[in-house]
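What follows is the residue order along each chain.
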Amino acid sequence: MSPNIIALEGQYIRLEPLTLAHAHALLSIGQKHEDWLYLPRSCFTDLNDVHSWIQSAHRLLAQGEQIPFIIINRFSNQIVGSTRYLDIRPRDHVIEIGYTWLASIAQRTMVNTEAKFLLLQYAFEQMQMRRVELKTDLRNLRSQKAIERLGAIREGILRKHKCVQNDFQRDTVYFSIIDDEWAQVKAKLLERLAIKPF
């Protein structure tokens, strides 16, 4: 399976394929270190840095390893962050959702919930995945709680799993949702999205 370039639209947000045309907007919202604190790299430093980041994402897309998106607020039409499909393993029917970062204005809103919902729905219902993985830094308690609220099952911790910013060897917490659970998870997410304001 080669990754398809897709766009996904919800009530609050739209996910569009990441392109170089988004570089200026990404730079304008992606320079706060705290927004990238637990990601493998730190915030953007300049436009060349953004271009390099996008080009790296495109190389991984071409290799069939990732599908990167920007997140757009449908009401303001502003870019508010980015997210990806990662570790695409068609033979195993497994995919990961991650590398998500949000501008401050989109944090603690329904943006992350709906982005995850759209990606989960497409993975299970269109890509026919049987397992979706989500993982986060053990230090990132907020992310762990957000993943648990999606309905994902915490599976365990990989110790000293990955080297991230400042050569820190992080422990990684693994979560997953499997196809047998999707109907129940979907119903709960739809309920949350219906009653919560942006």
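To be clear, the structure that these remarks concern was listed above.
Residues numbered from 1 in each chain as written. Predicted model: local features only at pLDDT ≥ 70, side-chain atom pairs only at ≥ 80, totals over all residues. Heavy atoms only, no water.

What is the right way to read the pairing of strand β2 (residues 13-17) from this model?
As a general feature of sheets, a regular strand has side chains that alternate between the two faces. Looking at chain direction, strand β1 (residues 8-9) and β2 are connected through two bridges and run antiparallel. Paired with leucine 8 across the two strands is leucine 15, which belongs to β2. Where β1 folds back on β2, the antiparallel hairpin that results is connected by three residues. One ladder, built from five bridges, connects β2 with strand β3 (residues 67-73); its direction is antiparallel. If you follow glutamate 16 over to β3, its bridge partner there is isoleucine 70. (Pairing = 2+ DSSP bridges. Helix = DSSP H or I, 4+ residues; strand = E, 2+ residues; numbered from the N terminus.)

How should I be thinking about the side chain of threonine 83 in this particular structure?
Tracing the sequence through the fold places threonine 83 in strand β4 (residues 79-89). Of the polar contacts made by the side chain of threonine 83, one reaches the side chain of threonine 100; its length is 2.6 Å. Contacts of threonine 83, omitting those with residues within four sequence positions, involve Leu15, Ile67, Pro68, Phe69, Ile71, Ile97, Gly98, Tyr99, Thr100 and Leu119. (Polar contact = N/O pair within 3.5 Å; in protein donor to acceptor, adjacent residues only side chain to side chain. Contact = heavy atoms within 4.5 Å.)

What is the right way to look at the environment of asparagine 73 in this model?
Tracing the sequence through the fold places asparagine 73 in strand β3. Once the C-alpha coordinates of asparagine 73 and alanine 106 are considered, the two residues, 33 residues apart in sequence, prove to be 8.6 Å apart. Among the polar contacts listed, one links the side chain of asparagine 73 to the backbone nitrogen of serine 76, at a separation of 3.2 Å.

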